[in-house]
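Each chain is listed here by its residues.
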Amino acid sequence: MPEPILRILDLFFFVFHTIVILFNVFGWLIPRWRLANLIVLSLTAFSWFILGIWYGWGYCFCTDWHWQVRESLGYSNMSTSYIHFLFLQLTGVDLSVSFVDSATVFIFILSFAISSYLNVRKWTRK
């Protein structure tokens, strides 16, 4: 694939993946986005825990595709955690991968629980 296309894809994955992560964490705050938020959180859980059976716990196809693009661009030494990688890229702070992974799982579970609660509450009130 030509390098300019790879650079566009690299930028696309940074932006798209960051938006998905932020939507997973904060999408439940806006009432009309709550169902979509629960669906995206469920797809994330499916990727991490179901596809993860075959590809490794926490597998994310977006991360996999982004890493392939970055490897084609000649980047190496990418983190095993996309959140760790993103945090390092945005802040320059190199936290431990295990800390970032633990915080990611905690925030994901919390977001999923809140989104589930708010969606179930809405469905049972109708």
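Note that this is a predicted model, so its numbers are computed, not measured.

Is there a simple way to explain the side chain of Ser 81 in this structure?
Tracing the backbone through its elements, the reader meets Ser 81 in the loop between α3 (61–72) and α4 (82–91). Since its relative accessible area comes to 6%, Ser 81 is described here as buried. A distance of 3.1 Å separates a polar atom in the side chain of Ser 81 from the backbone nitrogen of His 84. In contact with Ser 81, other than residues within four places in its own chain, are Val 97, Val 100 and Asp 101.

How should I be thinking about α3 in this particular structure?
The periodicity of an α-helix, 3.6 residues per turn, causes residues three or four places apart in sequence to face the same way. Compared with an ideal rise of 1.5 Å per residue, which puts twelve residues at 16 Å, α3 spans 17 Å between its outermost C-alpha atoms and is within 8% of the ideal. What α3 keeps buried is the set Cys 62, Thr 63, His 66, Trp 67, Val 69 and Arg 70. The arc enclosing the buried residues of α3, seen along the axis, measures out at 160 degrees, which places them on a common side. Away from the buried face of α3 by more than 90 degrees, exposed residues Glu 71 and Ser 72 are located. Against α1 (3–26) and α4 lie the buried residues of α3. Count one or two residues on from α3 and you reach Gly 74, which has phi positive near 95 degrees.

Can you walk me through the side chain of Thr 18 in this structure?
Within the secondary structure, Thr 18 sits in helix α1. A distance of 2.5 Å separates a polar side-chain atom of Thr 18 from the backbone oxygen of Phe 14. Not counting residues within four places of it along the chain, the set of residues in contact with Thr 18 comprises Phe 13 and Leu 86.

What counts, and at which threshold
- Residues numbered from 1 in each chain as written.
- Predicted model: local features only at pLDDT ≥ 70, side-chain atom pairs only at ≥ 80, totals over all residues.
- Heavy atoms only, no water.
- Helix = DSSP H or I, 4+ residues; strand = E, 2+ residues; numbered from the N terminus.
- Buried < 20%, exposed > 50% of the residue type's maximum accessible area, 1.4 Å probe, protein only.
- Polar contact = N/O pair within 3.5 Å; in protein donor to acceptor, adjacent residues only side chain to side chain.
- Contact = heavy atoms within 4.5 Å.
- Expected span 1.5 Å × (residues − 1).
- Arc of directions from axis to C-beta.

Shape descriptors only; they carry no functional weight alone.
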